[in-house]
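Residues per chain, in single letters:
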Amino acid sequence: MYEGAVQELIDEFGRLPGIGPKSAQRIAFHILEADREDMNRLADAIRAVKDKVKFCSVCFNVTEDETCNICRDPRRDETVLCVVEESKDVMAVERTRSFRGRYHVLGGSINPIAGVGPDQLHIRELLGRLHDDKIAEVIIATDPNLEGEATATYLARMLSTIGIKISRLASGLPVGGDLEYADEVTLGRAFEGRRVMS
Amino acid sequence: MYISHVSLTDFRSYRQVDLELVPGTTVFAGPNGVGKTNIAEALGYLASLSSHRVSNDAPLIYFGADQALVRARVHRGDQAVGLELEITAGKANRARINRANTVRARDILGILRTVLFAPEDLALVKGDPSERRRYLDDVLVALQPHHAATRSDYDRVLKQRNALLKSARASGRLSSSHESTLSVWDEHLVTAGSKLLRGRLEVLGALEGHIADAYDGLTDGSKPATARYMSTVGGAMDDEQDQGQPGNGTSGTPRSPLMDLDEGELHAAFLRSLALQRRKELDRGLTLVGPHRDELVLGLGTAPAKGYASHGETWSLALSLRLAVYRALCEDDSRPGSKPILILDDVFAELDVSRRRKLAAVVADAEQVIVTAAVVEDVPDELNGRILTVGPGTVSA
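Source: prediction; values computed, not measured.

Colleague: Explain the overall build of chain B to me, please; I cannot follow it from the model alone.
Modeller: Along chain B, the regular secondary structure elements total 8 helices and 15 strands. The C-alpha atoms of chain B give a radius of gyration of 23 Å, which matches the 21 Å a tight globule of 397 residues would have. Judged by the C-alpha coordinates and their principal axes, chain B covers about 70 × 50 × 35 Å. For chain B, the proportion of contacts with a sequence separation of at least 24, taken over those separated by at least 6, is 71%. When the accessible area of chain B is evaluated, it comes to approximately 17,100 Å², of which 50% is carbon and sulfur surface.

The following block contains the structure:
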């Protein structure tokens, strides 16, 4: 145990995701030895992110305004909506530059063990958005794991009554990879989701 | 197939031991507690990546050492493969094939095939239903490796669904949100579950004839051995019976009614059974229907084996279950030199003279048989193998 402030800082870092006690200690001592100015900038950045950043009132992506810049962008296609689990998934899809529609961030996936049910996710808000008839297709882009698939099934069931086209991202082989390196599960999925070519 | 060379480093009681083996029978003889079974265990582990004695890896490593190393040279026809497995407690095991770069341990599955008989097999007959479910699942994965994923998928869905049922019970009522989420988990449970169920039924179909034949061959044949899959799925067919308690129906029907259903029909039957048990599941906060609560009912003559079979009968039936696996694996891969290696760990001591002879005759068909015995005289002469004497931490001819 260190004295006072140092230990407090180590404990705070230890609470962050992906940081164990050793890393927490290393970061704390790094801060202790670093330039005061650099560290003030870090403190300001943390404060700013808590003060300024909010969640978009429409899609729940992170933003500094009432709505995010994707929701505000008039050039985006209003008829297609991509549903993802987290804001970082929005960034992942954006990097492809091939999707020009809008997003809806659920804020997680259905996970009873962690106590997350549909009511804890932004599903009611999603239904609200769909009452607007402009949206013609919903693309479900939740993670291809058990919880993500369950969330996708749940959404597909809810939305099937509304009469909007619903699609799910394909899963299968990674592009540029070798067939022989694919594990059995992925390869099995690729077989199930195969495409007819002629 | 056969193994020509085994070397153990810091495995169990061995700091270092190198063994040259030949096709045919090899008997490891020595007093209790010198490490005969450790050799059998090492070979079994190399084939299945699991021990028949312990569920975690720590006891496999020589006390005080960091890791154990098992190496073997496996011959299949005129092809030889060098296997190397590094076992580290609490970390992922690593393997090497033919001295190439290290690969994931599970990549070596299927290269060495063994069928291991051990005193622990008595639990197959006398133990909980989970022992028999694992028996079927292990054979399923050995025959169709992709089912390893089906099994883990099913377990994970089951955990999530049970968590949901528990939270619904805790909140005292089934809210509409619980209900709609539950139906999603039903869907996923049934998808993975009917795949697993179909797989188990197919495996049983491949095994049941062999189980009966093997038991017949080991005994005088007065009581036929039967194996019947009793599922909690299919409640729609006899919904008055408590489906949570399979095994009390010992009617003479030799086949499970599910045997002829395809995956789609099993899917539908599973959904129906879930619907019927909904009330009860919510009361108990547990999933009551599915492959995780099924039972493989073993019978001798008209009586169930569990509880009714004598010690000798139990042993013979347990051996028959393993022999059936051997036969099924032989059928699965009939290329020359593909027969699994039989490992008989301390099995002769428990059998009478005529059953010893019969077992010896049955296993004579294998390319390589590894036997461990505390008393060499227990091993019938028919096996006429090479005898290696095991002392504490050493093996000598």
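There's more to say after this.
Colleague: Can you help me understand the overall build of chain A in this one?
Modeller: A tally of helices and strands in chain A yields 8 helices and 6 strands. Going from the N terminus to the C terminus, chain A shows its helices and strands as α-α-α-β-β-α-β-α-β-α-β-α-β-α. What you see for chain A is a C-alpha radius of gyration of 21 Å, clearly larger than the 16 Å of a compact globule of 198 residues, by over 25%. Here chain A, with 198 residues, has 34% of them falling under the buried criterion. Sequence separation of at least 24 residues holds for 47% of the intrachain contacts in chain A that already meet a minimum separation of 6. On chain A, roughly 13,200 Å² of surface is accessible, and the fraction owed to carbon and sulfur atoms is 53%. Mean positive and mean negative side-chain charge positions of chain A (26 and 33 charges, respectively) differ by 4 Å.

Colleague: Just to check I follow, could you spell out the layout of surface pockets for this structure?
Modeller: Rolled over the atoms, a probe sized like a water molecule indicates the empty space that remains. For the largest pocket, the calculated volume is near 1,800 Å³. What lines the largest pocket is a set of 48 residues, and nearest its centre among them are B:A47, B:S48, B:L49, B:S50 and B:D138. At the level of secondary structure, the elements contributing two or more residues to the lining of the largest pocket comprise helix 8 (184–192) of chain A together with helix 1 (36–48), strand 8 (114–117), helix 2 (122–126), helix 3 (129–143), helix 4 (147–170) and helix 7 (311–332) of chain B. Residue contributions to the lining of the largest pocket peak at 8 residues, all from helix 3 of chain B. Here the lining of the largest pocket is composed, by residue class, of 23 nonpolar, 11 polar and 14 charged. Put simply, the second largest pocket is a space of about 1,100 Å³.

Colleague: Looking at this model, I keep getting lost on the domain arrangement of chain A. Mind explaining?
Modeller: Think of interface size as the accessible area that goes away when the parts come together; that is how it is often given. Here chain A is described as being made up of domain 1 (4–52) and domain 2 (58–196). Relative to domain 2 of chain A, the C-alpha centre of domain 1 of chain A lies at a distance of 34 Å.

Colleague: Where do I start with the interface of chain A and chain B in this structure?
Modeller: Facing the 17 residues of chain A at the interface are 18 residues of chain B. Taken over both partners, the interface formed by chain A and chain B buries close to 1,600 Å², and the fraction arising from carbon and sulfur atoms is 62%. Between the two partners, chain A and chain B, sit 2 salt bridges. Salt-bridge contacts for A:R157 lead to B:E187; the nearest nitrogen and oxygen are separated by 3.0 Å. The tally of links from chain A across to chain B stands at 6 residue pairs in polar contact (both at pLDDT 80 or more). Secondary structure elements with two or more residues in the side of chain A that touches chain B: helix 7 (146–160) and helix 8 of chain A. Counting residues per element, the side of chain A that touches chain B draws most heavily on helix 7 of chain A, which supplies 7 residues. When grouped by side-chain class, the residues that make up the side of chain A that touches chain B number 8 nonpolar, 2 polar and 7 charged.

Colleague: In this structure, what is going on with unusual backbone geometry? I would like to understand it.
Modeller: With the exception of glycine, most residues fall at negative phi, and the peptide bonds are largely trans. Residues and elements named next belong to chain B. Residue D10 is not a glycine yet carries a positive backbone phi of 50°. Here D10 shows up in strand 1 (residues 2–11). D10 sits in the buried class, given a relative accessible area of 12%. One non-glycine residue, R99, lies in the positive phi region at around 60°. Inspection of the secondary structure assignment puts R99 in the loop between strand 6 (94–97) and strand 7 (102–104). According to the relative accessible area criterion, R99 is exposed, its value standing at 63%.

Colleague: Please clarify how the sheet that holds strand 1 of chain B should be interpreted in this entry.
Modeller: Strands in a sheet are paired, the pairing made by backbone hydrogen bonds, and the direction either parallel or antiparallel. Residue and element names in this part refer to chain B. Overall, antiparallel pairing links the 6 strands, which are arranged 2-1-4-5-6-7 in an open sheet. If you trace the sheet from one side to the other, it starts and ends with strand 2 (14–20) and strand 7, each paired once. Shown here is a sheet whose adjacent strand axes are inclined to one another by a mean of 20°, direction ignored. Direction of pairing for strand 1 relative to strand 4 (residues 67–76): antiparallel, over a ladder of 7 bridges.

Colleague: What is the right way to read the domain arrangement of chain B from this model?
Modeller: Residues and elements named next belong to chain B. One can read the domain layout of chain B as domain 1 (2–113 + 340–396) and domain 2 (131–304). Look at where the C-alpha atoms of domain 1 and domain 2 centre, and you get two points 34 Å apart. Between domain 1 and domain 2, the residue contacts involve 4 residues of the former and 5 residues of the latter. Taken together, both faces of the contact between domain 1 and domain 2 bury some 430 Å²; the carbon and sulfur share is 54%. Considering only the surface of domain 1 that becomes buried against domain 2, R113, R355 and K358 emerge as the three largest contributors, covering 77% of it. Counting the contacts that link domain 1 with domain 2 gives 0 salt bridges. On inspection of domain 1 and its partner domain 2, the count reaches 2 residue pairs in polar contact (both at pLDDT 80 or more). A class-by-class count of the residues in the side of domain 1 that touches domain 2 yields 1 nonpolar, no polar and 3 charged.

Colleague: Would you take a moment to explain the side chain of B:S51 for this structure?
Modeller: Residues and elements named next belong to chain B. Among the secondary structure elements, S51 is positioned in the loop between helix 1 and strand 4. Taking relative accessible area as the criterion, S51 reaches 14% and is therefore assigned buried. At 2.8 Å, the side chain of S51 forms a polar contact with the backbone nitrogen of R53. Polar contacts involving the side chain of S51 include one to the main-chain amide nitrogen of V54, which spans 3.1 Å.

Thresholds, definitions, all that
Residues numbered from 1 in each chain as written. Chains lettered and ligands numbered in written order. Predicted model: local features only at pLDDT ≥ 70, side-chain atom pairs only at ≥ 80, totals over all residues. Heavy atoms only, no water. Helix = DSSP H or I, 4+ residues; strand = E, 2+ residues; numbered from the N terminus. Rg over C-alpha atoms; globule rule 2.2 N^0.38 Å. Contact = heavy atoms within 4.5 Å. Areas by Shrake-Rupley, 256 points an atom, 1.4 Å probe, with all protein chains shown as cover. Buried < 20%, exposed > 50% of the residue type's maximum accessible area, 1.4 Å probe, protein only. Lys, Arg positive; Asp, Glu negative; His and termini not counted. Charge placed at Lys NZ, Arg CZ, Asp CG, Glu CD. 1 Å grid on protein atoms, 1.4 Å probe; cavity = no way out; pocket = protein on both sides within 12 Å on 5 of 7 lines; lining within 4 Å. Points joined across faces, edges and corners; volume = space filled by probe spheres on them. Nonpolar A, V, L, I, M, F, W, Y, C, P; charged D, E, K, R; others polar. Domains from an automatic or database assignment. Buried area = accessible area lost by both parts, 1.4 Å probe. Salt bridge = Lys/Arg side-chain N within 4 Å of Asp/Glu carboxyl O. Polar contact = N/O pair within 3.5 Å; in protein donor to acceptor, adjacent residues only side chain to side chain. Pairing = 2+ DSSP bridges. Axes fitted to C-alpha atoms, helices over the stretch in contact; angles between N-to-C directions.

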